[in-house]
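# Coordinate analysis (summary)
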Amino acid sequence: MTSSSPFNPVFAALPVTVFERMSRIARETGAINLGQGFPDEPGPESIRRAAADAVVHGLSQYPPMMGIPELRAAIASHYARWQGVTLDPAEEVMVTSGATEAIAAALFALLGPGDEAVLIQPMYDAYLPLVRRAGGEARFVRLTPPDWRLDPDALKAAITPRTKVVVLNNPLNPTGSAYGRAGLEALAEAMAGTDAVLVSDEVWEHVTFDGREHVTALAIPALRDRTVKIGSAGKMFALTGWKIGLVCAAPRLMRVLARSHQFLTFTTPPSLQAAVAYGLESEDAWFAPMRADLQRKRDLFSDGLRAAGFSPLVTSGAYFLNVDLAPLGVDDDVRFCDRLAYEAGVVSVPVSAFYEENPVRSVARFCFAKHDATLLAALERLAAFRP
């Protein structure tokens, strides 16, 4: 008689995430942690005060499953102003407990056993386990440095009659790439003639640089009714611990997404929802200086890396700057990041961890959404490090 594991094989077989491992090294060694992607700034005080007031004076019982009406209306209004899309807040907007819950709800709702999902590598580490937990099978499109170009032919080749979902992260973590209207239209062409749904993870939509304005997949006519757009109030307002996800989709998709969400978290803290509604309606002035300050930090860190002998790659969005290690003769990014943490006292993340197969092993990711003093201290240590 053979015995089987009592645990779900999808999750039981997973290793500790690279973020947890590298953050643990930072805690144990006192290294400067530029690995995990959260900012040092606390977020807008007005929104935090709105949350505190809502805790004391607002609703503390279960809010509506789809989100409080004020927040759903604010989401629709916000995207109309910023991205030119028209949404019915009653039929096309939902609030989740973070963007990762929204991704899970979408994949669980859209995939069944044997269905395929196309994932673009490098990729956010939650995508693949969630696809597999839904019973789906993954097909991969591989991006490479320095430009991380999304090849429409490669994407089209990955799509089969069994494809039910294509997942796009735009801007893309970890590369910092941002795909504009032309790239989205090419994606729409690759998906034409299929029933596949685009799960468009747009959590970094407001963290873009060099005058770039985010283009949502919902703004592409051929994608409008086959897209699940996912946003994050935490990324918008530098409140990453709040875990407020924003989901927009056509009614036929939203109905099934809502059923999936109902049996995951069901609701999200109403006081935080009320504060995010306030922020979306009242804090448009937050975004330009937020972007400008992050761009300044990106440039400060990038210039310092060059002066220290490293080769930073271009980043158009998100909190991350990648370093091309190939000019240094490095072809093992995991070993490099371990050495950097223990010998130089700076924690980064190997980009190979964002691949499931055929990884790029010559890139390290750094988070620059930190205080200037932290970045300068890290640069001083990096300048003294010899790979």
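What you see is a predicted model, and the numbers here were worked out from it, not measured in a lab.

### Describing the overall build of the protein
The helix and strand inventory of the protein stands at 14 helices and 12 strands. What you see for the protein is a C-alpha radius of gyration of 21 Å, in line with the 21 Å of a compact globule of 387 residues. The principal-axis extents of the C-alpha atoms in the protein amount to approximately 55 × 55 × 50 Å. Counting across all 387 residues of the protein, residues that qualify as buried make up 57%. If you take every contact in the protein between residues at least 6 apart in sequence, the share linking residues at least 24 apart comes to 76%. Summing over all exposed atoms, the protein offers an accessible surface of approximately 16100 Å²; the carbon and sulfur share of this is 53%. In the protein, the 37 positive side-chain charges and the 43 negative ones have mean positions that sit 2 Å from each other.

### Considering the UniProt feature "domain: Aminotransferase class I/classII large" (unreviewed entry) in the protein
In this numbering, the UniProt entry assigns the feature "domain: Aminotransferase class I/classII large" (unreviewed entry) to residues 31-379. The span residues 31-379 is 39% helix and 16% strand, and its two end C-alpha atoms sit 13 Å from each other.

### Let's talk about helix α3 (residues 45-57)
The first and last C-alpha atoms of α3 sit 18 Å apart over 13 residues, in line with the 18 Å expected at 1.5 Å per residue. All buried positions along α3 are accounted for by Ile 47, Ala 50, Ala 51 and Ala 54. Angularly, the buried residues of α3 cover 100 degrees about the axis, an arc narrow enough to put them on a single face. Of the exposed residues in α3, the ones pointing more than 90 degrees away from its buried face are Arg 49, Val 56 and His 57.

### Observations concerning the pairing of strand β5 (residues 163-169)
Both faces of the sheet carry side chains from a regular strand, because those side chains alternate between them. Counting buried positions along β5 gives 6 out of 7 residues, so the element sits mostly inside the fold. As paired elements, strand β3 (residues 116-121) and β5 share 4 bridges and run parallel to each other. Its bridge partner being in β5, Leu 119 is matched across the sheet by Val 167. As judged from the 5 bridges shared by β5 and strand β6 (residues 197-201), these two strands associate in the parallel manner. Each residue of the ladder has a partner; that of Val 166, found in β6, is Leu 198.

### A closer look at the sheet that holds strand β8 (residues 245-249)
Spatially, the 7 strands line up as an open sheet ordered β2-β8-β7-β6-β5-β3-β4, and their pairing is mixed. With one partner strand each, in any of the chains shown, β2 (93-96) and β4 (137-142) form the two edges of the open sheet. Adjacent strand axes in the sheet meet at a mean angle of 20 degrees when their direction is disregarded. Relative to β4, β3 runs parallel, the two sharing 6 bridges. By the bridge assignment for β4, Val 118 is matched with Arg 139.

### Comments concerning empty space enclosed by the protein
Counting across every chain of the model gives 3 cavities of 30 Å³ or more. Of the voids in this model, the largest cavity is the one considered here, and its volume is about 50 Å³. In this structure, the largest cavity is lined by Asn 170, Pro 171, Ala 178, Tyr 179, Gly 180, Thr 208, Arg 212, Glu 213, His 214 and Val 215. Of the residues contributing to the lining of the largest cavity, the split by class is 4 nonpolar, 4 polar and 2 charged.

### Notes on the sheet that holds strand β9 (residues 320-324)
Across the sheet, which stays open at both edges, the 3 strands sit in the order β9-β12-β11 with antiparallel pairing between neighbours. Edge positions in the open sheet fall to β9 and β11 (349-350), since each of these has one partner strand only. Sheet topology places β11 next to strand β12 (residues 363-367); 2 bridges connect them, and they run antiparallel. Of the residues in β12, the one forming a bridge with Pro 350 is Ala 364.

### A word on unusual backbone geometry
For the bond running from Asn 170 to Pro 171, omega is -5 degrees, close enough to zero to count as cis. Mapped onto the secondary structure, Pro 171 falls in the loop between β5 and α8 (181-191). Despite not being glycine, Ala 238 has its phi angle at roughly 55 degrees, a positive value. Note on placement: Ala 238 falls in the loop between α9 (233-236) and β8. Positive phi values are uncommon outside glycine, yet Phe 266 reaches one of about 70 degrees.

Scoring rules and cut-offs
Residues numbered from 1 in each chain as written. Predicted model: local features only at pLDDT ≥ 70, side-chain atom pairs only at ≥ 80, totals over all residues. Heavy atoms only, no water. Helix = DSSP H or I, 4+ residues; strand = E, 2+ residues; numbered from the N terminus. Rg over C-alpha atoms; globule rule 2.2 N^0.38 Å. Buried < 20%, exposed > 50% of the residue type's maximum accessible area, 1.4 Å probe, protein only. Contact = heavy atoms within 4.5 Å. Areas by Shrake-Rupley, 256 points an atom, 1.4 Å probe, with all protein chains shown as cover. Lys, Arg positive; Asp, Glu negative; His and termini not counted. Charge placed at Lys NZ, Arg CZ, Asp CG, Glu CD. UniProt positions renumbered as here; feature names shortened; annotations may be inferred. Expected span 1.5 Å × (residues − 1). Arc of directions from axis to C-beta. Pairing = 2+ DSSP bridges. Axes fitted to C-alpha atoms, helices over the stretch in contact; angles between N-to-C directions. 1 Å grid on protein atoms, 1.4 Å probe; cavity = no way out; pocket = protein on both sides within 12 Å on 5 of 7 lines; lining within 4 Å. Points joined across faces, edges and corners; volume = space filled by probe spheres on them. Nonpolar A, V, L, I, M, F, W, Y, C, P; charged D, E, K, R; others polar.

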